[in-house]
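Here is what each chain is made of, one letter per residue.
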Amino acid sequence: MTMRMSAEEAAPEPLERRWWSRIPLHAALVIISLIWLVPTVALLVSSFRPASDVNTSGWWTAFQLPFGFTVDNYGDVLSNNNLGQSFLNSLFITIPATVIPVMVAAFAAYAFAWMDFPGRHVLFVLVVALLVVPLQSALIPVLQLTTAVGLTGSFPAVWLAHTGFGLPFAIFLLRNFFGALPKEMFESAYLDGASPTTAFFRLVLPLSVPAIASLVIFQFMWVWNDLLVALILVGGFPKVAPLTVTIANMVGTLGQNWHLLTAAAFVSMVLPLIVFFSLQRYFVRGILGGSIKG
Amino acid sequence: MDFGTALLAVIVVVGVPAITVLYALGTERVLQLIPERRRAGLRPWLWLLPGFAFLIVFLVYPTVQTIVLSLLDRRSESFVGADNYIELFGQGSFWQTIGNTVLWLVFFTGITLVFGLLIAVLTDRVRYETAVKALIFIPMAVSFVAAGVIWNFMYAFNEQIGTVNAATVALGGEPQAWLFEWPRNTFMLIIVGIWMWVGFAMVILSAGLKGISAELLEAARIDGATEVQVFTRIILPLLAPTIAVVGTTIVIVALKTFDIVYVMTGGQYDTQVIGTLFYQERFANHDAGTAAAVAVLLLLTIIPVMILNIRRSQAQEATR
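Just so you know, these numbers come straight off a predicted model, no measurement behind them.

Enquirer: Got a sec to walk through the overall build of chain A? Specific residues and values, please.
Expert: Scanning chain A for helices and strands turns up 16 helices and zero strands. Against the globule reference of 19 Å for 294 residues, chain A gives a C-alpha radius of gyration of 25 Å, more extended than a compact globule. Based on the C-alpha atoms only, the size of chain A along its principal axes is roughly 75 × 70 × 30 Å. Per-residue burial for chain A yields a buried fraction of 48% across its 294 residues. In chain A, the share of contacts with a sequence separation of at least 24, taken over all contacts with a separation of at least 6, comes to 77%.

Put into structure tokens, the structure is as follows:
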């Protein structure tokens, strides 16, 4: 108690006494923040400027009177460049590709955390190993597989592939969380005659809402922002292609039409940014829980 | 998108949870049919089945199959032994690709870690910590494709448009074509990666930093340690395991790099990395054998990290 008291009293003193010595610290943080923010602000401002302005003057000149902001670029990309369709496609890809792996992973994670079976250790090592397998090492045969069953160029191909690719992380994260639940809770539930299935739905899932929320956000962001899997499995199919694929193509075809490219990029960023700002807490928790600690 | 697709998506979103609940209840029903002493033995396998079915079909089998394909010709028809590898090793462009991947490994990983640590330590000392951290973290939420557009715009040659060239001219320099000349272009792409991933390093390192007891640091300061000494003698050693965790994650990101290079240069002007060379070989050169060989080499470079991760997770299990 006395230790803590003295630490609390001592801590603020040197800081407050030498406030001027902290100016470099504040300056460094302000500069770093500006450097990090400028690219995004440049994009956002440019996406609201008329084409003639964007392609002849810097975004930093946009704040001079008279203001000439417009939403025409957005109307243009959403209707003329298949971006509206791609936005819907991204949603259609991302939602099932988030729901399926989370459910499937919860099952496996429960077995790993609270059931005894021979080979449990070896199988979990396999999951940890698969955690880092690069998609590039799996994608060619996966493409052959989806082509063989006629799924290439369809939503289910992407759903299933993302489920497979997202599972190692999902199982790993949930297993760590489930495993940390108190053992006594299960013992008393079983004493009351609950089956493992009942314990899973009545105890494990409700208590794991924070972990599941983290995982849902992670998988959502991952699939929404994915280019490689979509490019290979549905890249040649504009009716199914998500935003990332469509925008990557626009970079090739629209080249220097910055007013359109900036608007298109921002369309793809809106949803992740909303999710990020509203659920930041869970996102950060997912990052912390998903790393293998030393 | 037609009505059928919409219906399918709704069915999937509503149906998948329903199916999983039914599956769980179904397994319990099935288990009631067999003798009680066998139930506990069979149950875990039924719970693992869906997950492992996906893992085997979409990860284990394809990875093994990729190794097989790397030993076959470009159309995967006849066995050619190690020819794909020998051919790769004989190409100057392959070593260029390896060189770039090494640049990514060293500079992307190193600078991301240093910046992440620096920002974590600096923000720890100010009241507006949360605001700065959220700001640095924003790029993490954005796709590599959007980041590619953002930075293509930053690097635009016209100094009236491109922010980086505007700054260069303002400082008395000449506007540059940042993405055309090796090795500068690779470093310019690495900057994009750093911009995106520093937030990740910062978040984990910052959490590690909060775990170091304030009393310990204060005691050192009272004993006359300077801030630099506190950092190098106490914070750094205590944070070493966390730095290692972040480092391995970023090493993997570096090795797998695909999107930034694909969107910003398409691998042209000598910016190719292993992750994009695979795509180039498979979809531009239509050579499945060589593409698979590249993928296998990528997998091999990742195996040390894989072993490290397995060791760590086992150590973690032991303390559970």
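Enquirer: Describe in detail helix α12 (residues 209-225) of chain A, supporting the description with residues and values.
Expert: Residues and elements named next belong to chain A. With 17 residues, α12 extends 24 Å from end C-alpha to end C-alpha; this agrees with the ideal 24 Å at 1.5 Å per step. Buried residues dominate α12, accounting for 12 of its 17 residues. Taken residue by residue, α12 has A211, I212, S214, L215, I217, F218, Q219, F220, M221, V223, W224 and N225 as its buried positions.

Enquirer: Go over the domain arrangement of chain B, please, and point to the residues and values.
Expert: According to the domain assignment, chain B consists of domain 1 (3-69) and domain 2 (87-318). Of the residues contributing to the side of domain 1 of chain B that touches domain 2 of chain B, the split by class is two nonpolar, two polar and no charged.

Enquirer: Which residues make up the domain arrangement of chain A, and what are the values?
Expert: Residue and element names in this part refer to chain A. Split by domain assignment, chain A resolves into domain 1 (2-76) and domain 2 (81-290). Each of domain 1 and domain 2 has a C-alpha centre, and the two are 32 Å apart. At the interface, 11 residues of domain 1 touch eight residues of domain 2. Among the elements of the structure, α3 (23-47), α4 (51-54) and α5 (72-80) are those that each provide at least two residues to the side of domain 1 that touches domain 2. The dominant element in the side of domain 1 that touches domain 2, judged by the number of residues it contributes, is α3, at four residues. When its residues are assigned to classes, the side of domain 1 that touches domain 2 shows five nonpolar, four polar and two charged.

Rules and cut-offs
Residues numbered from 1 in each chain as written. Chains lettered and ligands numbered in written order. Predicted model: local features only at pLDDT ≥ 70, side-chain atom pairs only at ≥ 80, totals over all residues. Helix = DSSP H or I, 4+ residues; strand = E, 2+ residues; numbered from the N terminus. Rg over C-alpha atoms; globule rule 2.2 N^0.38 Å. Buried ≥ 20, exposed ≤ 12 C-beta atoms within 10 Å, placed from the backbone. Contact = placed C-beta atoms within 7 Å. Expected span 1.5 Å × (residues − 1). Domains from an automatic or database assignment. Nonpolar A, V, L, I, M, F, W, Y, C, P; charged D, E, K, R; others polar.

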